[in-house]
Amino acid sequence: MSKQKPQPKREALSTDDPSPGPISFRLDSLNYKLLEERAAQENLSPNLAARAIVLNALNQEEDDAVQEQLAAVDNGMADLRKDLQLIAETLLLAIVTGKKMTAADVKAWVASNLKQS
């Protein structure tokens, strides 16, 4: 898993940080009407509502990426737990039965029983 520097979470309607410039785009009449309705529900102007929608979408992409990384970590931890359980069972069984293993036996067991990444 590649290590990525966590990005700071941006506020949806922050005006403290000056922007490099405005962003504008046109909507067809149907989408503009939908934007006006959403803006009215949230007591915002259509411009502020559009800004909030864009910022929320950008933050959602970051959240999705973090969730994917967390899922990969969870899967790795589950694999480690399985490996640890297998190792503990094997060691305890060897101790209880008094089975002697050479270094070559141990290496062969690891190669055949544990995932190599």
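Being a predicted model, the structure only gives us computed values, none of them experimental.

## Some words on the overall build of the protein
At step 1: Broken down by element type, the protein carries three helices and zero strands.
At step 2: Tracing the protein from N to C terminus, the helices and strands come up as α-α-α.
At step 3: The burial tally for the protein puts 9% of its 117 residues in the buried class.
At step 4: Relative to all contacts within the protein whose residues are 6 or more apart in sequence, the contacts with residues 24 or more apart total 64%.
At step 5: As displayed, the protein offers around 10300 Å² of accessible surface, 58% of which is attributable to carbon and sulfur atoms.

## What about the environment of Ile23?
At step 1: With respect to the element layout, Ile23 can be found in the segment before helix H1 (29-41).
At step 2: Using a relative accessible area of 75% as the deciding quantity, one classes Ile23 as exposed.

## Structural notes on a nonpolar patch on the surface
At step 1: Taken together, the side chains of Ile23, Phe25, Leu27, Tyr32, Val54 and Leu58 present a nonpolar region at the surface, about 580 Å² in accessible area.
At step 2: The class of Leu58 is partly exposed, set by a relative accessible area of 38%.

## A short note on helix H2 (residues 46-97)
At step 1: Taking 1.5 Å per residue as the helical rise, H2 with its 52 residues ought to reach 76 Å, and the 75 Å between its terminal C-alpha atoms agrees with that figure.
At step 2: Those residues of H2 that sit buried are Ala49, Ala50, Ala52, Leu55, Asn59, Asp83 and Ala94.
At step 3: Turning to H2, the residues buried within the fold contact H1.
At step 4: At the exit of H2 stands Gly98, carrying a positive phi of roughly 75°.

## Topic: unusual backbone geometry
With glycine set apart, most residues show a phi of negative sign, and most peptide bonds adopt trans.
At step 1: Despite not being glycine, Asn43 shows a phi value in the positive range, around 55°.
At step 2: As for its placement among the helices and strands, Asn43 is situated in the loop between H1 and H2.

## Brief notes about the side chain of Asp83
At step 1: Its place among the elements puts Asp83 in helix H2.
At step 2: Given the relative accessible area of 18%, Asp83 is considered buried.

## Side note on H1
At step 1: With 13 residues, H1 should reach 18 Å at 1.5 Å per residue; the first-to-last C-alpha distance of 18 Å fits that figure.
At step 2: Following H1 by one or two positions, Asn43 adopts a phi angle in the positive range, close to 55°.

## With respect to the confidence of the model for the protein
At step 1: For the protein, the average pLDDT comes to 83, and 84% of its residues sit at 70 or higher.
At step 2: Mean pLDDT across the secondary structure elements of the protein bottoms out at helix H3 (residues 103-113), with 86, and peaks at H1, with 94.

## Some points on the environment of Leu80
At step 1: Residue placement: Leu80 occurs in helix H2.
At step 2: The class for Leu80 is exposed, based on a relative accessible area of 57%.
At step 3: Here the alpha-carbon distance between Leu80 and Lys115, two residues 35 residues apart in the chain, equals 9.4 Å.

The rules behind the values
Residues numbered from 1 in each chain as written. Predicted model: local features only at pLDDT ≥ 70, side-chain atom pairs only at ≥ 80, totals over all residues. Heavy atoms only, no water. Helix = DSSP H or I, 4+ residues; strand = E, 2+ residues; numbered from the N terminus. Buried < 20%, exposed > 50% of the residue type's maximum accessible area, 1.4 Å probe, protein only. Contact = heavy atoms within 4.5 Å. Areas by Shrake-Rupley, 256 points an atom, 1.4 Å probe, with all protein chains shown as cover. Patch = residues over 30% accessible without salt bridge, like charges linked within 9 Å, V, L, I, M, F, W, Y side chains within 5 Å. Salt bridge = Lys/Arg side-chain N within 4 Å of Asp/Glu carboxyl O. Expected span 1.5 Å × (residues − 1). pLDDT = per-residue confidence, 0-100.

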